[in-house]
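A look at the structure
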Amino acid sequence: MQELHDAPLAPLTTFRLGGPATRLVTATTDAEVIAAVREADDSGTPLLLIGGGSNLVIGDKGFDGTALHIATRGFSLDGTTLELAAGEIWTDAVARTVEAGLAGVECLAGIPGSAGATPIQNVGAYGQEVSATISEVTAYDRRSRETVALSNADCAFSYRHSRFKADPERYVVLRVRFELEDAGGLSAPLRYAETARALGVEAGDRVPLTTARETVLKLRAGKGMVLDPEDHDTWSAGSFFTNPILTDDQFAAFRSRVAERLGDAVEPPAFPAGDGRVKTSAAWLIDRAGFTKGYGTGPARISTKHTLALTNRGEATTEDLLALAREVVAGVHDAFGVTLVNEPVTVGVSL
């Protein structure tokens, strides 16, 4: 187990932002992870968990405590059952499942980060969410001080949310088990209209697994959502804001604001979200509020490829990023009465 003091954290995040940690521990086995967590808990030391760093916004002052970088490895495939160690690189794991001819996560290709983060955020894109295939999560319970197994139902998954996200101080994900599908080399039924259009098929159709994965990677790359050290549009956390979910009454008020601002002929995006709620598009809101691709003049700007991504153009600070995020949140609320919520986890800072 590697240990460093006054260690920079920015290189461990996709934003490449944030100050140092008092202490940085890198764990490569479950036992090392548990030992580091117990040590911090026993001493009352603040603990920050870092996987792939793709969903973190760390303050410029850094983290006064122990940062635990989970770098465990493990890829096990038994029939259609996949088990991943928390530190496995998610994009690599998806590629290997496609090579094995198994469907269920192929449209989650290109998402940066580690496997252990996927159940926390209920990672999803292009019509798939990990909650559809996760069968069990093995985690260290800091409250009971033991390793526990949580079923899919125990994880309490919802849109970009889970039991782990709701109680972030309790569980440390160690391993994730998925139940995939052998569809004879074909993908799961395509659920996302953009993917289906790009492939020239209908929603609900299946296509070859490799074709689905390659198409998603191409779509993501066109939006700056595939990591590239040379492309500042990828120095981001992907989508910075979640798509708002509104009650029917809230959506009616929102539609009225849209009509006032953009005219009666303009209909905002609307997708059923269950329980009398409607999901709308954060990207649409941001763009229609005047924050177009490439918006900004400072070192933190909106991506030139996608309005949902806030980016570090190379010399930004976390405060630069937050100033831009706050401007976008205020502008969208002033225009449409909808409050955007950040998707990345903030450490030592807030919007």
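Worth saying up front: this structure is predicted, and the values here are computed from it rather than measured.

Observations regarding the sheet that holds strand 2 (residues 20-27)
- The strand order across the open sheet formed by 4 strands is 1-2-5-3, and the pairing between neighbours is mixed. The sheet is open, and its two edges are formed by strand 1 (2-8) and strand 3 (47-50), each paired on a single side. Between one strand axis and the next, the sheet turns by 25° as a mean value, whatever way the strands run.
- In this fold helix 1 (residues 30-43) packs onto strand 2, strand 3 and strand 5 (63-70), with an angle of close to 145° to the strand it touches most, strand 2.

Looking at the sheet that holds strand 10 (residues 134-141)
- Strand order across the open sheet formed by 5 strands is 6-7-12-10-11, with antiparallel pairing between neighbours. In this open sheet, the two strands that pair with only one neighbour each are strand 6 (75-78) and strand 11 (146-151). Each strand axis lies, on average, 20° off the axis of its neighbour in the sheet, ignoring direction.
- Bridging between strand 10 and strand 12 (residues 171-179) involves 7 bridges; their strand directions are antiparallel. Bridging from a neighbouring strand, Ile 134 pairs with Phe 178 of strand 12.
- Helix-sheet contacts for helix 1 involve strand 10, strand 11 and strand 12, and the interaxial angle to strand 12 is about 150°.

Overview of the packing of aromatic side chains
- According to the stated counting rule, one finds 10 aromatic pairs in the structure shown.
- Judged by centre distance (5.3 Å) and plane angle (80°), the ring pair of Tyr 126 and Tyr 192 falls under edge-to-face. Pair noted here: Tyr 126 is in the loop between strand 8 (124-125) and strand 9 (128-129) and Tyr 192 is in the loop between strand 12 and helix 5 (193-199), with a separation of 66 residues, a long-range link.
- With relative accessibility at 9%, the residue Tyr 126 sits in the buried group.
- Taking relative accessible area as the criterion, Tyr 192 reaches 35% and is therefore assigned partly exposed.
- Ring centres of Phe 254 and Phe 336 lie 5.9 Å apart, and the angle between their planes is 85°; on these two criteria the pair is classed as edge-to-face. Here Phe 254, found in helix 7 (residues 248-262), pairs with Phe 336, found in helix 9 (residues 318-336); they are 82 residues apart in sequence, far enough to count as distant. No difference in accessibility class separates Phe 254 from Phe 336, as the two residues are buried.
- Taking NZ or CZ as reference, Arg 96 lies 3.7 Å from the ring centre of Phe 75, over its face.
- The ring of Phe 336 has Arg 261 sitting right over it, with the charged end atom 5.7 Å from the ring centre.

Rules and cut-offs
Along each chain, numbering runs from 1 in the same order as the chain's sequence is written. Thresholds applied to this predicted model are a pLDDT of at least 70 for local features of residues and 80 or more for the giving and counting of side-chain atom pairs; totals over whole chains, interfaces and linings are not thresholded and use all residues. Only hydrogens and water are set aside; all other atoms, that is, all heavy atoms of the structure, feed into the side-chain values. Criterion used throughout: strands pair if DSSP finds at least two bridges between them. For helices the rule is a DSSP run of H or I covering at least 4 residues; for strands it is a run of E covering at least 2, with both sets numbered from the N terminus onward. Here the axes come from fitting lines to C-alpha atoms, over the contacting stretch only for helices, and the angles between their N-to-C directions go from 0 to 180 degrees. Contact criterion: two residues are considered in contact whenever any of their non-hydrogen atoms come within 4.5 Å of each other. Pairs were defined over the aromatic rings of Phe, Tyr and Trp, the Trp ring being its six-membered one, requiring ring centres within 6.5 Å. Orientation was assigned from the angle between planes: stacked under 30 degrees, edge-to-face over 60, tilted for the rest. For the exposure calls, accessible area comes from a 1.4 Å probe over protein chains only, and a residue counts as buried if that area is under 20% of its type's maximum, exposed if over 50%, partly exposed in between. A ring is considered to have a charge above it if a Lys NZ or an Arg CZ atom is located within 6 Å of its centre and within 35 degrees of its normal.

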